[in-house]
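Below are the chains, spelled out letter by letter.
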Amino acid sequence: QVQLVESGGGLVQAGGSLRLSCAASGLTFSNCGMGWFRQAPGKERELVADVNWSGSSTYYADFVKGRFTISRDNAKNTVYLQMNSLKSEDTAVYYCAGRLNWNSRYNYWGQGTQVTVSS
């Protein structure tokens, strides 16, 4: 059974940092690209960042470029999202998601972790 479990969310002041982790099990992690999404209250879920199977290619939404870094450790079946210079607008539930290599659709989803940035 495939599971993606996020951790690292919480409450942080504006300008601070958090590192989210997503531990994967029940799938061949190295066959999957991984993404981080977020959803703020009343808004649609949006893609924040993506990394391919090897970590050699990444994508970032414009609103996080220069502040967030996605990375992965295939030996640990874990993907990370390092979030720096956090803003109140970053407050959302953050979701880890997995996709097959060369696919754009994300087939596997975590339960989400709350990130709250106070001003």
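Refer to the preceding data block for the structure.
Residues numbered from 1 in each chain as written. Predicted model: local features only at pLDDT ≥ 70, side-chain atom pairs only at ≥ 80, totals over all residues. Heavy atoms only, no water.

Student: So what exactly am I meant to see when it comes to the pattern of salt bridges here?
Tutor: Two side chains with opposite charge may pair up if their charged atoms get near one another. Evaluation of the coordinates by the stated rule reveals 5 salt bridges. Linking R38 and E46 is a salt bridge whose minimum nitrogen-to-oxygen distance equals 3.1 Å. Of the charged contacts, one joins D50 and R99 as a salt bridge, the two residues approaching to 2.6 Å between their closest N and O atoms. Here R99 lies in strand β9 (residues 92–100) and D50 lies in strand β5 (residues 46–51), a separation of 49 residues in the sequence. Three or more residues joined by partner-sharing salt bridges are found here, namely R38, E46, R67 and D90. (Salt bridge = Lys/Arg side-chain N within 4 Å of Asp/Glu carboxyl O. Helix = DSSP H or I, 4+ residues; strand = E, 2+ residues; numbered from the N terminus.)

Student: Help me understand the nonpolar core, please; the structure alone is not making it clear to me.
Tutor: If you look at soluble globular proteins, the nonpolar side chains tend to sit buried side by side. Of all hydrophobic cores here, the largest spans 29 residues; its most connected members are M34, W36, V79, L81, M83 and Y94. Elements with a contribution of two residues or more to this core: β3 (18–25), β4 (32–39), β5, β7 (68–73), β8 (78–83), β9 and β11 (113–118). The element best represented in this core is β3, accounting for 4 residues. Discounting chain neighbours no more than four positions away, the residues touching L81 are L18, R19, L20, W36, V48, A49, F68, T69, I70 and Y94. (Core = buried A, V, L, I, M, F, W, Y, C linked by side-chain atoms within 4.5 Å. Buried < 20%, exposed > 50% of the residue type's maximum accessible area, 1.4 Å probe, protein only. Contact = heavy atoms within 4.5 Å.)

From the geometry alone we can't say anything about function, so treat these as descriptive.
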